[in-house]
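# Observations on the three-dimensional arrangement
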Amino acid sequence: MGSLGERTAVLGVGQTEYRATRGDVSVAGLVREAALRALADAECTWADIDAVVIGKAPDFFEGLMMPELFLADALGCAGKPILRVHTAGSVGGSTALVAASLIRSRVHRRVLTLGFEKQSESNATWALSLPQPFSVSINAGAGGYFSPIIRQYMARSGAPELIGCMVAYKDRRHALRNPYAHLHQHDLTFDQVVEAPMLWDPIRFSETCPSSDGACAMVLGDEAAGDASDRPVAWVHGTAMRSEGNNFPGRDEVSPQASRDCAADVFAQAGITNPRAEIDAVEMYVPFSWYEPMWLESLGFAELDQGWRMVEDGSTSLDGGDLPVNCSGGVLSSNPIGASGMIRFAEAALQVRGLAGDHQVDGARRAFGHAYGGGAQYFAMWVVGAEKP
Amino acid sequence: MREVAVVSSAIHQVEALTFTTDVQLMIPLVNAVRDAVGITQDDVDFTCSGSSDFLAGQAFSFVHTLDAVGAVPPISESHVEMDGAFALYEAWVKLQTGEADTALVYSYGKSSPGSRRDVLAAQLDPYVVGPLWPDAHSIAALQARVLLDAGLATPEDLAAVAVRSQRNAVGNPNALRSSADVTVDDVLAEAVVADPLRPSDLSAESDGGCAVLLAAGDRARSLCDRPAWITGIDHRIDPQALGLRDLTRAPSAALAAERAGATTGRLDVAELHAASTAQALVLHREFGLGDGVDVDPSGGSLAADTLMAAGLVRIAEVARRISAGDADRGLAHASSGPCLQQNLACVLEGE
């Protein structure tokens, strides 16, 4: 065993504007908008695409069963292969990784990959809480599920109460520099974040992600395609996925072993031994504010129980921090669930391509994209760089 | 391409798994494919599954089913909201990268708690077709009618496919519908369900699951006396809109088969994933299946059609015949969407 793989490049990225409701487009129109923008960025046409890999979160979110079937022609798939990935909240990242494996295996030369969600078509908390014949539903939604785990982190690390609010305020400020972001709260103050209603103690309304409509797409290509591109490309330096069971004795829910294993794998592939020093920008899946310090520790950017200090001292801010996290505004500012993981991966690629616009980290050479899902059980990660690995 | 083979498989299909959870269904199947070659999950480099939240009636339903695998310590794993044959494709790609030497693939579906023919309408274009809620039998009947009206098949031809399936299915413990002495006249005497289709023209709806273990190169040879080598695998899709398609054809099936190498060289056996006898005839034509091919020796999906698993079952059925030495080269087919919209072809060979 050992990778025999083809080098893989991100040739193009396309995003829709993320909004509470994209009533102006159908589901097909939404995905096509992102796909066309990715093709334009990659200077490709539909004819250059060998295959499509699409991902989204549960089909109940739109009430459409396996919607990739009816979306096939909107995505230029007639006579082509299309795969539909679904790995819970990490799906956007996993989808990109399946697409990358099609290049790495040399099965295809150029692949379009896309994640989307049109949450306005349905109600996510309903869709996540359908009664089951063999189990009792806690009817808590995602916030209710994760709040006790956050409490556990706070108790274990001794983090001050307002760390979560600091993350939320930072990400919402970052979002002001990203024209695609759903939340543009120009007048938001830190005090308003703190004073927001408590939804699932300790998660305030201001510390949770919105429900968004939107799609994100990327065109991935092989080494020859990357070399031939006139525009800057991002090279894939490492990819990893891990899953673990939801319930077993001794499970560390704050920093699951699957998360630690996945990070160790992806950094080893990229030849990274000191992630904090060697990564220039991080796009991390933070649907609830406290997950930033929790993941900083789990991923190896901070020592155990010390991640909150990086939040407190501004290390993760685009304004002067040494490890800017979620310069795009992150999941806290835009959350079309099935796309949210892919947005992290795509934003990491934009950073090393130098195309992140007003939220660009100066001179970013290597960036990290991250997504998680389920009860913090599913992980997808990649490292991308400006240089060919 | 790297050599990859099916080294073991397990299938379970019944009419209804009313009192069985997905985890209870899959534990014995997953154990069976690992035990058959004497390995544990620690020896599995990659795991990939296929299932549908719409059938489970639960978001992220596959997350729970992971308990059947035992993902402790954590595993490298993925899931497609597709038939397990497509999960097998993803696993095959992973083995092609060289990052894995073994892969566990599984899929399952329980459609009995709902009305499958109605549920499948949720797959259709939600703006102009879905609101009419056309059921799956009616859509299959449209395709059959087009085939008859084009003079490409007669009702007797359809019935003959049903007879072949039921006779072949005799002795298959995973078949729901079998008969050693059914005749074409018997089938034609059945009342139509959706004109021109009769009950025997429509696949028998089953609940169930399937697991398959893949291994690469010498690892496969060390695990199995006669691995079923995947010498070609490809999948393609056509646009969905029924009015845009010639329903007597399935271009994506023909293309996938050609790219998988199924249209050149001898085939001993073919297992088809068809929801109706008419679809089976469309596939015969697209694949150019001649008289020398043993088609649907298990009875095919007409004898038991487990949503999300029926395609993977076809691969398992062909692989078993190759590993047993009953066939040297075979085609396994999987499909998805209305009227054979999406198709996968997998060619398996013995050494």
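Chains are numbered independently. Their residues run from 1 in the order of the written sequence. Key to labels: chains lettered from A, ligands numbered from 1, both in the order written. Since the coordinates come from a predicted model, pLDDT governs what is reported: local features require at least 70, and pairs of side-chain atoms require 80 or more to be given and counted, while whole-chain, interface and lining totals use all residues. With hydrogens and water excluded, all non-hydrogen atoms of the structure serve as input to the side-chain values.

## Notes on the overall build of chain A
For chain A, the helix and strand inventory stands at 13 helices and 11 strands. Over its C-alpha atoms chain A spans a radius of gyration of 19 Å, differing by no more than 12% from the 21 Å that the globule rule assigns to 389 residues. By its C-alpha atoms, chain A is 55 × 45 × 45 Å across when sized along the principal axes. Whether a residue is buried, partly exposed or exposed follows from its accessible area with a 1.4 Å probe, protein chains only, as a fraction of its type maximum: under 20%, in between, or over 50%, in that order. Residues classed as buried in chain A amount to 66% of the 389 residues present. Every residue pair with non-hydrogen atoms within 4.5 Å of one another is taken to be in contact. In chain A, the share of contacts with a sequence separation of at least 24, taken over all contacts with a separation of at least 6, comes to 78%. To be clear on the numbers: accessible area is Shrake-Rupley with a 1.4 Å probe, and residue cover counts the displayed protein chains and nothing else. If you sum the accessible surface of chain A, you get close to 12,400 Å²; carbon and sulfur atoms cover 50% of it. Each helix corresponds to a stretch of at least 4 residues labelled H or I by DSSP, and each strand to a stretch of at least 2 residues labelled E; elements are numbered beginning at the N terminus. Each radius of gyration reported is based on C-alpha atoms, and the globular scaling rule is 2.2 Å times the count of residues to the power 0.38.

## Structural notes on the overall build of chain B
What chain B contains, in helices and strands, is 13 helices and 11 strands. For 351 residues, the compact-globule estimate of 2.2 N^0.38 gives 20 Å, and the C-alpha radius of gyration of chain B, at 19 Å, lies within 12% of that figure. The principal-axis extent of the C-alpha atoms belonging to chain B is close to 55 × 45 × 40 Å. Taking all 351 residues of chain B together, the buried fraction comes to 65%. Looking at chain B alone, contacts between residues at least 24 apart form 78% of all its contacts between residues at least 6 apart. On chain B, roughly 11,400 Å² of surface is accessible, and the fraction owed to carbon and sulfur atoms is 50%. In this tally, Lys and Arg are treated as positive and Asp and Glu as negative; His is ignored, and so are the chain termini. To locate a charge, take atom NZ for lysine, CZ for arginine, CG for aspartate or CD for glutamate. Separation between the mean location of the 24 positive side-chain charges and that of the 47 negative ones in chain B comes to 3 Å.

## Here's the deal with the pattern of salt bridges
One side-chain nitrogen of Lys or Arg within 4 Å of one carboxyl oxygen of Asp or Glu is enough to make a salt bridge. Per the counting criterion, the structure on display carries 50 salt bridges over all chains. For the salt bridge of R116 of chain B with D305 of chain B, the shortest nitrogen-to-oxygen distance reads 3.8 Å. Taken together, the positions of R116 of chain B in helix 5 (residues 116–119) and D305 of chain B in strand 9 (residues 305–306) put the pair 189 residues apart, joining distant regions of the chain. The exposure class of D305 of chain B is buried, given its relative accessible area of 6%. Here the salt bridges do not stand alone but share partners, grouping E17, R22, D24, E33 and R37 of chain A into one network.

## Quick notes on the confidence of the model for chain B
Put simply, chain B has an average pLDDT of 97, and 100% of its residues get 70 or more. Model confidence for the complex is summarised by a pTM of 0.98, with the ipTM given as 0.98. What pLDDT reports is the predictor's confidence in each residue, on a scale of 0 through 100.

## Here's the deal with the packing of helix 3 (residues 91–104) of chain A against helix 4 (residues 84–96) of chain B
Their axes nearest at 9 Å, the elements helix 3 of chain A and helix 4 of chain B cross at an angle of 50 degrees. Classified by the interaxial angle, the pair formed by helix 3 of chain A and helix 4 of chain B is oblique. Between helix 3 of chain A and helix 4 of chain B the crossing geometry is left-handed. Two secondary-structure elements touch here, helix 3 of chain A through V98, S101, L102 and R104 of chain A and helix 4 of chain B through Y89, E90, V93 and K94 of chain B. Class assignment of the residues belonging to the contact of helix 3 of chain A with helix 4 of chain B gives a composition of 4 nonpolar, 1 polar and 3 charged. Between N-to-C directions, angles span 0 to 180 degrees; the directions come from axes that are lines fitted to C-alpha atoms, helices contributing only their stretch in contact. Note on terminology: angles under 35 degrees are roughly parallel, angles over 145 are roughly antiparallel, angles of 65 to 115 are roughly perpendicular, and the others are oblique. For any helix crossing, the convention is left-handed if the near helix is rotated counterclockwise from the far helix by under a right angle, and right-handed if that rotation is clockwise. Side-chain classes follow a simple rule in which Ala, Val, Leu, Ile, Met, Phe, Trp, Tyr, Cys and Pro form the nonpolar group, Asp, Glu, Lys and Arg form the charged group, and the remainder, Gly included, forms the polar group.

## Re the interface of chain A and chain B
With 58 residues of chain A at the contact, the number on the chain B side is 65 residues. Summed over both partners, the interface of chain A with chain B buries about 5,100 Å², with 65% contributed by carbon and sulfur atoms. Where chain A touches chain B, the interface holds 1 salt bridge. The shortest N-O distance in the salt bridge between E99 of chain B and R104 of chain A comes to 2.5 Å. Contacts described as polar in this section are N or O atom pairs within 3.5 Å, which, within protein, must combine one atom able to donate a hydrogen with one able to accept it, while residues neighboring in sequence count only if both atoms come from side chains. Counting across the interface, chain A meets chain B through 14 residue pairs in polar contact (both at pLDDT 80 or more). Elements with a contribution of two residues or more to the side of chain A that touches chain B: helix 2 (68–71), strand 3 (82–85), helix 3, strand 8 (234–243) and helix 9 (257–269) of chain A. Among the residues forming the side of chain A that touches chain B, the class breakdown is 29 nonpolar, 18 polar and 11 charged. Note: buried area is the sum, over both parts, of the accessible area (probe 1.4 Å) each one loses when the two are combined.

## Remarks on the pairing of strand 6 (residues 228–237) of chain B
Residue and element names in this part refer to chain B. Among the 10 residues that make up strand 6, 9 are buried, leaving the element largely enclosed by the rest of the structure. Only strands that DSSP links by at least two bridges are regarded as paired with each other. Of the strand pairs in this sheet, strand 1 (residues 4–14) and strand 6 are connected by 2 bridges, and their pairing is antiparallel. Bridge pairing links A5 to W229 in strand 6. The sheet contact formed by strand 6 and strand 11 (residues 342–349) spans 8 bridges and is antiparallel.

## As for the packing of aromatic side chains
Each pair of aromatic rings is reported with the distance of its centres and the angle of its planes. Two aromatic rings from Phe, Tyr or Trp, using only the six-membered ring of Trp, form a pair when their centres are within 6.5 Å; if the ring planes differ by under 30 degrees the pair is stacked, by over 60 it is edge-to-face, and anything between is tilted. Under the counting rule described, the total for this entry stands at 22 aromatic pairs over all chains. Relative to F368 of chain A, the ring of F301 of chain A lies with its centre 5.6 Å away and its plane at 65 degrees, an arrangement referred to as edge-to-face. A residue pair is termed long-range when its members are at least 10 positions apart, and F301 of chain A in the loop between helix 11 (291–298) and helix 12 (307–312) and F368 of chain A in strand 10 (residues 366–373) qualify at 67 residues. Across the pair, F368 of chain A and F301 of chain A agree in class, each one buried. Ring centres 6.5 Å apart and planes at 15 degrees place the aromatic pair Y106 of chain B and Y108 of chain B in the stacked group. In this pair, the class of Y106 of chain B matches that of Y108 of chain B, namely buried. An aromatic cluster is defined as three or more aromatic residues linked by ring pairs; in this entry it consists of Y145, F146, W200, Y285, F288, Y291, W295, Y372 and F379 of chain A.

## Here we look at the state of the cysteines
Any cysteine sulfur atom paired with another within 2.5 Å is treated as part of a disulfide. For the structure on display, the rule yields 0 disulfides over all chains. C165 of chain A takes part in no disulfide bond, and the closest cysteine sulfur, belonging to C209 of chain A, lies 15 Å away. The thiol of C346 of chain B is unpaired, and the distance to the nearest cysteine sulfur, on C210 of chain B, comes to 12 Å. Residue classification places C346 of chain B among the buried residues on the basis of a relative accessible area of 0%.

## Quick word on helix 11 of chain A
All names here are of chain A. Where burial is concerned, most of helix 11 is hidden: 8 out of the 8 residues are buried. When we look at burial in helix 11, the residues that qualify are Y291, E292, P293, M294, W295, L296, E297 and S298. Considering only its buried residues, helix 11 is in contact with helix 5 (141–157), helix 6 (163–175), helix 9, helix 12, strand 10 and strand 11 (378–385). G300 sits one or two residues past helix 11 and shows a positive phi near 95 degrees.

## Some remarks on the nonpolar core
We define the nonpolar core as a collection of buried residues of types Ala, Val, Leu, Ile, Met, Phe, Trp, Tyr and Cys that are connected through side-chain atoms lying within 4.5 Å of one another. Residues M218, Y291, F368 and W382 of chain A together with L214, I230 and L348 of chain B are the most contacted members of the largest nonpolar core, which totals 213 residues. The dominant element in this core, judged by the number of residues it contributes, is helix 13 (residues 337–353) of chain A, at 10 residues. Counting residues in each nonpolar core, the second largest holds 34 residues, with A153, A250, A278 and V282 of chain B among its members.

## Quick look at the environment of R177 of chain A
Residues and elements named next belong to chain A. When you line up the elements, R177 lands in the loop between helix 6 and helix 7 (190–195). Residue classification places R177 among the partly exposed positions, given a relative accessible area of 26%. Sequence separation between R177 and G357 is 180 residues, and the spatial gap between their C-alpha atoms is 8.0 Å. Once residues lying within four places of it in the same chain are set aside, the contact partners of R177 are L318, D319, D358 and H359.

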